[in-house]
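Per-entry structural report
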Amino acid sequence: AAPARVFAFRDVRWAPDPVLAPSAAVRSPQPVPLVIDNGSFQTRAGWACPDPAVPAEPLLRFRSLAARSRGARGGAGAETQVGNDLGSPEPLRWLLRSPFDRNVPVQLELQELLLDHVFQRLGVSSQGCVDHPIVLTEAVCNPLYSRQMMSELLFECYQVPKVSYGVDSLYSFYHNRRQNWPCSGLVISSGYQCTHILPVLQGRLDAKNCKRINLGGCQAAVYLQRLLQLKYPGHFAAITLSRMEEILHEHSYIAQDYIEELQKWRCPEYYENNVHKMQLPFSNKLLGSTVASEEKQEKRQQQLRRLQELNARRREEKLQLDQERLDRLLYVQELLEDGQMDQFHKALVELNMDSAEELQSYINKLSLSVEQTKQKILQSEVSIEVDVVDSKPETPDLDPLGSEQSLEDVESINEFEPLFAEEQPEVEKPVAAVQPVFNLAEYHQLFLGTERIRAPEIVFQPSLIGEDQAGIAETMQYVLERYSKEQQAVLVQNVFLTGGNTMYPGLKARIQKELLEMRPFQSSFQVHLASSPILDAWYGARDWAVEYMSREEGWISRKDYEEKGGEYLKEHCASNVYVPIRLPKQAPRAAEAPSKASGTGNPSEQA
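Residues numbered from 1 in each chain as written. Predicted model: local features only at pLDDT ≥ 70, side-chain atom pairs only at ≥ 80, totals over all residues. Heavy atoms only, no water.

Between helix α4 (residues 217-231) and helix α5 (residues 241-251), the least distance of the axes is 9 Å, while the angle of their chain directions is 110 degrees. Between α4 and α5, the crossing angle belongs to the class labelled roughly perpendicular. Contacts from Gly 217, Ala 220, Ala 221, Val 222, Leu 224, Gln 225 and Leu 228 in α4 reach Leu 241, Met 244, Glu 245, Ile 247 and Leu 248 in α5. When the residues that make up the contact of α4 with α5 are grouped by side-chain class, the tally is nine nonpolar, two polar and one charged. (Axes fitted to C-alpha atoms, helices over the stretch in contact; angles between N-to-C directions. Helix = DSSP H or I, 4+ residues; strand = E, 2+ residues; numbered from the N terminus. Parallel < 35°, antiparallel > 145°, perpendicular 65-115°, else oblique. Contact = heavy atoms within 4.5 Å. Nonpolar A, V, L, I, M, F, W, Y, C, P; charged D, E, K, R; others polar.)

Using the criterion set out here, one finds 21 salt bridges in the structure. Here Glu 246 ties to Arg 10 by a salt bridge, and the two come within 3.9 Å at their closest N and O atoms. With a gap of 236 residues between them, Glu 246 in helix α5 and Arg 10 in the loop between β1 (6-8) and β2 (34-38) connect regions that are remote in the sequence. A salt bridge links Glu 517 to Lys 513, with the shortest nitrogen-to-oxygen separation between them at 2.8 Å. With Glu 517 and Lys 513 both in helix α17 (residues 507-518) and four residues apart, the pair spans about one turn of that helix. Overall, the relative accessible area of 55% leaves Glu 517 in the exposed class. Residues joined in a network through salt bridges with shared partners are Arg 10, Glu 246 and Glu 250. (Salt bridge = Lys/Arg side-chain N within 4 Å of Asp/Glu carboxyl O. Buried < 20%, exposed > 50% of the residue type's maximum accessible area, 1.4 Å probe, protein only.)

This paragraph deals with the packing of aromatic side chains. Overall, the coordinates contain 10 aromatic pairs when judged by the stated rule. A centroid spacing of 4.9 Å and a plane angle of 75 degrees characterise the contact between Phe 119 and Tyr 158, whose relative ring orientation is edge-to-face. One end of the pair, Phe 119, is in helix α1 (residues 108-121); the other, Tyr 158, is in the loop between α2 (144-157) and β11 (162-167), and 39 residues separate them in sequence. In this pair, the class of Phe 119 matches that of Tyr 158, namely buried. Among the aromatic residues, those joined into a ring-pair cluster are Trp 265, Tyr 270 and Tyr 271. Residue placement shows Arg 63 over the ring face of Tyr 192; its charged tip is 5.8 Å from the ring centre. Cation over ring: Lys 162 sits above Trp 555, and NZ or CZ is 4.8 Å from the ring centre. (Phe/Tyr/Trp six-rings, centres within 6.5 Å; stacked < 30°, edge-to-face > 60°. Lys NZ or Arg CZ within 6 Å of the ring centre and 35° of its normal.)

Looking now at the confidence of the model for the protein. For the protein, per-residue confidence averages 85 on the pLDDT scale, and 83% of positions sit at 70 or higher. Confidence drops under a pLDDT of 50 for residues 416-434, and excluding neighbours within four residues, the segment shows 16 contacts in the predicted structure. (pLDDT = per-residue confidence, 0-100.)

What follows is about the sheet that holds strand β17 (residues 445-448). Strand order in the open sheet made by the three strands is β1-β16-β17, with mixed pairing throughout. Looking along the sheet, the strands with just one partner apiece sit at the ends: β1 and β17. Within this sheet the neighbouring strands show an average axis-to-axis angle of 30 degrees, counted without direction. In terms of strand pairing, β1 meets strand β16 (residues 276-279) through three bridges, oriented parallel. Bridge pairing links Phe 7 to Met 278 in β16. (Pairing = 2+ DSSP bridges.)

Quick look at the pairing of β11 now. Most of β11 sits out of view: six of its six residues are buried. The side-chain alternation of β11 yields two buried faces, one formed by Lys 162, Ser 164 and Gly 166 and the other by Val 163, Tyr 165 and Val 167. Note: strand β10 (residues 134-138) against β11, five bridges, orientation parallel. Each bridged residue has a counterpart across the sheet, and for Leu 136 the counterpart in β11 is Tyr 165.

Have a look at this one:
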């Protein structure tokens, strides 16, 4: 028999980040750099300090999300939550905001919230400014406008002394270098929003031949969510993006040959041995058919007793209310008998009545109602049967006296009408124990078959989701063909995989298979996977910051920012290529002056 592959969703809640007390080593003898891996999926921050007392790992890791609640009505104002303070993204899914458009930060007010969170939780204690150098990651070929806004935010808002920008995948390549630096290679970086093919020659990025595919983990999660929602429409709300990301991280893999793998899944035996069953949360209270007849009878008796007490209490309240109304009407009648006509007529006006005959009619009806209610109370004390209280009023409409029954009472009585109808005496038929029609736990399971390979396959075949783009293999071949055969041989000797979307099992073997098909016969190539595809970008940025801490190379000072603008970039081994803005020169206006002079003369001569 095939082993039972049933997995429960973890649905992990994020724990709020504590406020950390920085070590004294981060400020003496001088403030050490603060490294921030500013990713579209997750932000990671920590110190670049050579002192062993400071952890050489990111101290903060949180999703790059913020949510601003509207606040309670009449209470405090709107509250903004960032990262792990959200707890879980699903209840706030429609309030979540990200500063990124794809992998480029464009919403600087949200980016400021993320940086405030980083500086506060890392315990930056400087007053009115951040006096630590900042090492920040940015997108490949980042637009100058985005870098200009980021530099303006860091220098103008936080007053940082200097900042350095670098590409996250190049930092990871720098951290995992297996040869003497500088070295060459082909970096394949696949993240949450985009996938990049980056050629590196002699330790520098060849930006002219970089290519981007607008697909990543986000698109795979959305595609998987649509597949499962179409397959299980009864669990539409339970199939959330957070759970789809968990399935991608823990249960998906890359097929070495996609068509051949689909043929394997057609075999029932292969399906039973490899299907993963994801257990959704459910409640056993839905199994009403399995309750024993004795338990049902006991519940009915309890319902009967509760209804008897409810009816008795309602009759007593009704009797007390009617008696108070009757006493008030009798008092008005006594005013007529005593000859106090002025007070009598004033009381009639208050009761919205016209004559003494109408008053006497209401007194008779109320007296009859009071007597009937007293008789019902006496009968209920000696009878075990349940008397149903009609939802219609037993007395005539006494709107002038405010005698209308409250809407809440009527609704509460209507709630018990099905119970009254159920309790009519009938002969209990002996029946055998009813077995459940289906396994409720199995009904709340998601069977993951070909979905395990369909979702991650979109980076190789974007046409699966209707995207008119090339996959990783076609793009990699296109990039290689832009170089000479000698350069191609150098690049394929170090094909480097990094990014959170490269952690699927089988991805390295798939890249090797694609290279084997596109490279010449008997040519060699090597494919390497980053030691930690998610964190190596931060580790590489820390390595660079520790090595270049006391140098000027790669650092943009405040003087550079003021003189050369916010888009200025100092290049280094893991940075983008700086392309300055070249505005077209305007044509000199000296040629226009003679024409204007010749056109202007004596007005009388022109006339």
